[in-house]
Amino acid sequence: MRNPRTFSAPGRLLSIVGVVFITAWAVRSGVVTGAALLNEHPGALLRGSPAAAQSAVREAFAQGLLKINQRIPAHASVMVLWEVKGYAPFSYAFFWSTFWLYPRKVTVTDRPDDALSPTTDVFVQVHSADQQPLSPAGYRVVSDDSGPALTITTYERSG
Amino acid sequence: MDFTVSLWILIIFLYVALCYAVGRLAVDLLDPEPAPTIVAGAALVGAALLGLQLWLYGLVRIPWNQLTLLIPWLAIGAVRRDRLPTLVRQERQRFAGLARMLPRLSGLEAVLVAAGTMVVLAYLLSLVAKPLFGFDAIALWLFKAKLYYGQQSVSLQAVSHDVGRNLDYPPLLSLMVASLYTLIGQANDLLGKAVTFIFVLVGAAASLTALGRWLDRPLAITFTFVLVAMPMFAPALLTGPYFGYADYPLGIFMMLSLLFFFEGQTTRRATSYLFAVVFAALAALTKNEGLPLLAIVLVLLAIHLGVTGQLRSPQRRHWPILTVGVLAIIPVIAWRLYVSLAGLEISPQVSFAQPLSQLPARASTIVRFVLGLPRIMTIGSVDGDRPISYVDIQWLGLSFLLSGLLLAVNRFRTGSLVYTAIALQAAGYFLVLLFTPLDLLFQLSTAASRLLIQLAPSVVLMLGIALSPLRAAYRAEGPSPERPARGV
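Predicted model, so just to flag it, every value in this text is computed and none were measured. (Residues numbered from 1 in each chain as written. Chains lettered and ligands numbered in written order. Predicted model: local features only at pLDDT ≥ 70, side-chain atom pairs only at ≥ 80, totals over all residues. Heavy atoms only, no water.)

## Re the overall build of chain B
For chain B, the count of helices and strands is 20 helices and two strands. The C-alpha radius of gyration computed for chain B amounts to 22 Å, which stays within 12% of the reference 23 Å derived for 488 residues, consistent with globular compactness. Here the C-alpha coordinates of chain B stretch approximately 65 × 60 × 55 Å along the principal axes. Residue burial in chain B is summarised as follows: out of 488 residues, 59% are buried. Looking at chain B alone, contacts between residues at least 24 apart form 78% of all its contacts between residues at least 6 apart. When the accessible surface of chain B is totalled, it reaches about 19600 Å², and 68% of it is carbon and sulfur. (Helix = DSSP H or I, 4+ residues; strand = E, 2+ residues; numbered from the N terminus. Rg over C-alpha atoms; globule rule 2.2 N^0.38 Å. Buried < 20%, exposed > 50% of the residue type's maximum accessible area, 1.4 Å probe, protein only. Contact = heavy atoms within 4.5 Å. Areas by Shrake-Rupley, 256 points an atom, 1.4 Å probe, with all protein chains shown as cover.)

This is how it looks when you write it as structure tokens:
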């Protein structure tokens, strides 16, 4: 490192600019992040429950999966039929279903013909309100969550 | 009132404390009197070691549970019981020193420390209490944590057809989350995303410790406040879209690697060089973007050690340190081998089939998109307030420019290697975007702001490094009589 006493005037001036700059950045960070922080209502977060916050997310399918997760056996084989292509991409249905229903073996399809295999324990049909539920033979309805964007009908193998 | 959030916050603090204890034991094996910066990074060393330990257990079929995870560390503690009183005394002195410093802070310093602490606690609260909804967290990072924990091994065979999961991404972050699941005895997705908090704490502690030695205290506190409260980190730590993502952790690993690189240059401490390599290797085990960083750090380190003649006189006491450096890189090589042998490579991210004539237009698209990020990414617009940008691109750009000017005007060669590392890493991102065979606008819209999050901590650190010789000059001219300037 150079002898610190030999720095030039421009070097010293730039140093002052650097100090002013980082101070201004600190003020900016404090103001913007402070406002964002207050907007998060920390008191309510502290008093609330993470599970309740998760179930209040504004995505109907994500909410539905949390309910299904509570209702079906932990090691069931699950088939999800995704019939609402305009709602979200198929990849969304796949990743969300496999994540929230883990460790169950989950298969996701958008073709009704593929929907049921002999090993399927739980069948989840995600459809729009104007579509009829499939009501497959050998299955009984476990739940039917209807919303403006989509309806999630869950069936479990009877007997 | 529901006490779940309070309980989970306590669990995260206990997890951090455990990681710190493990990291401190590991650091003590290498260096009985480590530099304060190394101690500041100990919690992340511990967290990474617990994760890597699970990986090893999976390979040799040792079950993942609290007992198996903690027994090796209890055994190390028992074997080195003679050292424990010294370690405890050192830690007590460290925390007592911090406690003594607090009442001596100036008004402005106290305000920044209090505000920074509030922000850090707010991050923890949000990470614990808010919902999980980010695509990559659900599709990749936290899914893999749950998968590894469920299988008790790091294997992607069960999902080998799920190409959208970016199966070649390295396992460290998911393993760190899995180690938390192992400690609490269950996979808890909502708590798992709070593992990011350890990066906030270690990033702040290391910045405060290092910059406190290179600059004066008020400036070190100001830099650390920016590093903690930069609005750009809000999606990863406060508001939620990037909860559970690996970009912020990668950014902190990168910053720590460069911090130790510079510390090694200024002190010639072998352990500082070692931790520059260790944290670069951990970055490479966190996300693929860490791979070029590891290569850059190794090349620059070799150049630096060669030019300064430190390679010519390797001392016998340096061999254990060199061995650990090599050991740190082995998991990175092991992962790349696994990905290759298991056929998990995703399609190439770079293609030179682009017509050369399109490159200027593509480069212009990238630059315009990145410069336009502040207009796209805003907060505070929900209730009709004036939208505020949370992307600090102008600040990051100016900061990096200013750092370059400071280095050039003051001919500060020691700092120029870290600057080169950041510039090469950023250039690498630019080139990958320039030559990507995928849809450029889609890549930019999904990745640009996160790439900036990866670079941001290092850019802030760089300005601190660039200012360090001149601050030393002011200090050399004599401290102010009212309040001695000194490190934290």
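## Focus on a nonpolar patch on the surface
A cluster of nonpolar side chains, Leu56(B), Leu59(B), Val60(B) and Ile62(B), forms an exposed patch at the surface whose accessible area comes to about 370 Å². Summarising the element assignment, Leu59(B) is placed in helix α3 (residues 42-59). (Patch = residues over 30% accessible without salt bridge, like charges linked within 9 Å, V, L, I, M, F, W, Y side chains within 5 Å. Salt bridge = Lys/Arg side-chain N within 4 Å of Asp/Glu carboxyl O.)

## What to know about the nonpolar core
Core analysis: the biggest nonpolar cluster contains 221 residues, and Phe61(A), Tyr15(B), Leu44(B) and Ile198(B) have the highest contact counts within it. Ranked by residues supplied to this core, first place goes to helix α20 (residues 440-476) of chain B with 17 residues. Structurally, this core is a two-domain feature, drawing no fewer than three residues from each of domain 1 (9-45) and domain 2 (58-157) of chain A. Discounting chain neighbours no more than four positions away, the residues touching Leu44(B) are Met176(B), Ile198(B), Phe199(B), Val202(B), Ile252(B), Phe253(B), Leu256(B) and Phe279(B). (Core = buried A, V, L, I, M, F, W, Y, C linked by side-chain atoms within 4.5 Å. Domains from an automatic or database assignment.)

## A short note on the environment of Ser179(B)
Residue and element names in this part refer to chain B. Inspection of the secondary structure puts Ser179 in helix α8 (residues 172-184). When its relative accessible area of 0% is taken as the criterion, Ser179 is described as buried. Sequence separation between Ser179 and Ala47 is 132 residues; the distance between their C-alpha atoms is 8.2 Å.

## Let's talk about the pairing of strand β4 (residues 139-146) of chain A
Residue and element names in this part refer to chain A. Pairing analysis gives seven bridges linking β4 to strand β5 (residues 151-157), with the strands arranged antiparallel. By the bridge assignment for β5, Asp145 is matched with Ile152. Adjacent in sequence and paired antiparallel, β4 and β5 are bridged by four residues. (Pairing = 2+ DSSP bridges.)

## Some words on the confidence of the model for chain A
The predicted coordinates of low-pLDDT regions are not to be read in fine detail. Looking at chain A, the pLDDT average stands at 89 and 95% of residues meet or exceed 70. Mean pLDDT per element in chain A: β4(A) is the minimum at 89, and helix α5 (residues 90-100) of chain A is the maximum at 95. (pLDDT = per-residue confidence, 0-100.)

## Brief notes about the sheet that holds strand β3 (residues 122-127) of chain A
Residues and elements named next belong to chain A. Ordered in space as β2-β1-β3-β5-β4, the five strands form an open sheet in which the pairing is mixed. Two strands lie at the open edges of the sheet, namely β2 (105-109) and β4, each paired on one side alone. Going across the sheet, the axis of each strand differs from the next one's by a mean of 15 degrees, ignoring polarity. Across the sheet, α5 touches β1 (77-82) and β2, and the angle it forms with β2 is around 165 degrees. (Axes fitted to C-alpha atoms, helices over the stretch in contact; angles between N-to-C directions.)

## Thoughts on the side chain of Asp145(A)
Structurally, Asp145(A) is set in strand β4. If we skip the residues at most four places from it in the chain, Asp145(A) touches Gly64(A), Lys67(A), Arg71(A), Leu150(A), Thr151(A) and Ile152(A).

## Side note on the domain arrangement of chain A
Along its sequence, chain A is organised into domain 1 (9-45) and domain 2 (58-157). When each unit is reduced to the centre of its C-alpha atoms, the spacing between domain 1 of chain A and domain 2 of chain A is 47 Å.

## Digging into the interface of chain B and chain A
The interface is formed by 74 residues belonging to chain B together with 51 residues belonging to chain A. Both faces considered, chain B and chain A share a buried interface measuring about 5500 Å² in area, 74% of it formed by carbon and sulfur atoms. There are two salt bridges connecting chain B and chain A. Where chain B meets chain A, there are eight residue pairs in polar contact (both at pLDDT 80 or more). Taken together, the elements giving at least two residues each to the side of chain B that touches chain A come down to α1 (4-30), α6 (107-129), α7 (135-151), α9 (189-192), α11 (217-229), β2 (388-389), α18 (393-409) and α20 of chain B. Considering every element that reaches the side of chain B that touches chain A, the biggest residue donor is α20(B), with 10 residues. For the side of chain B that touches chain A, the residue count by class is 49 nonpolar, 14 polar and 11 charged. (Buried area = accessible area lost by both parts, 1.4 Å probe. Polar contact = N/O pair within 3.5 Å; in protein donor to acceptor, adjacent residues only side chain to side chain. Nonpolar A, V, L, I, M, F, W, Y, C, P; charged D, E, K, R; others polar.)

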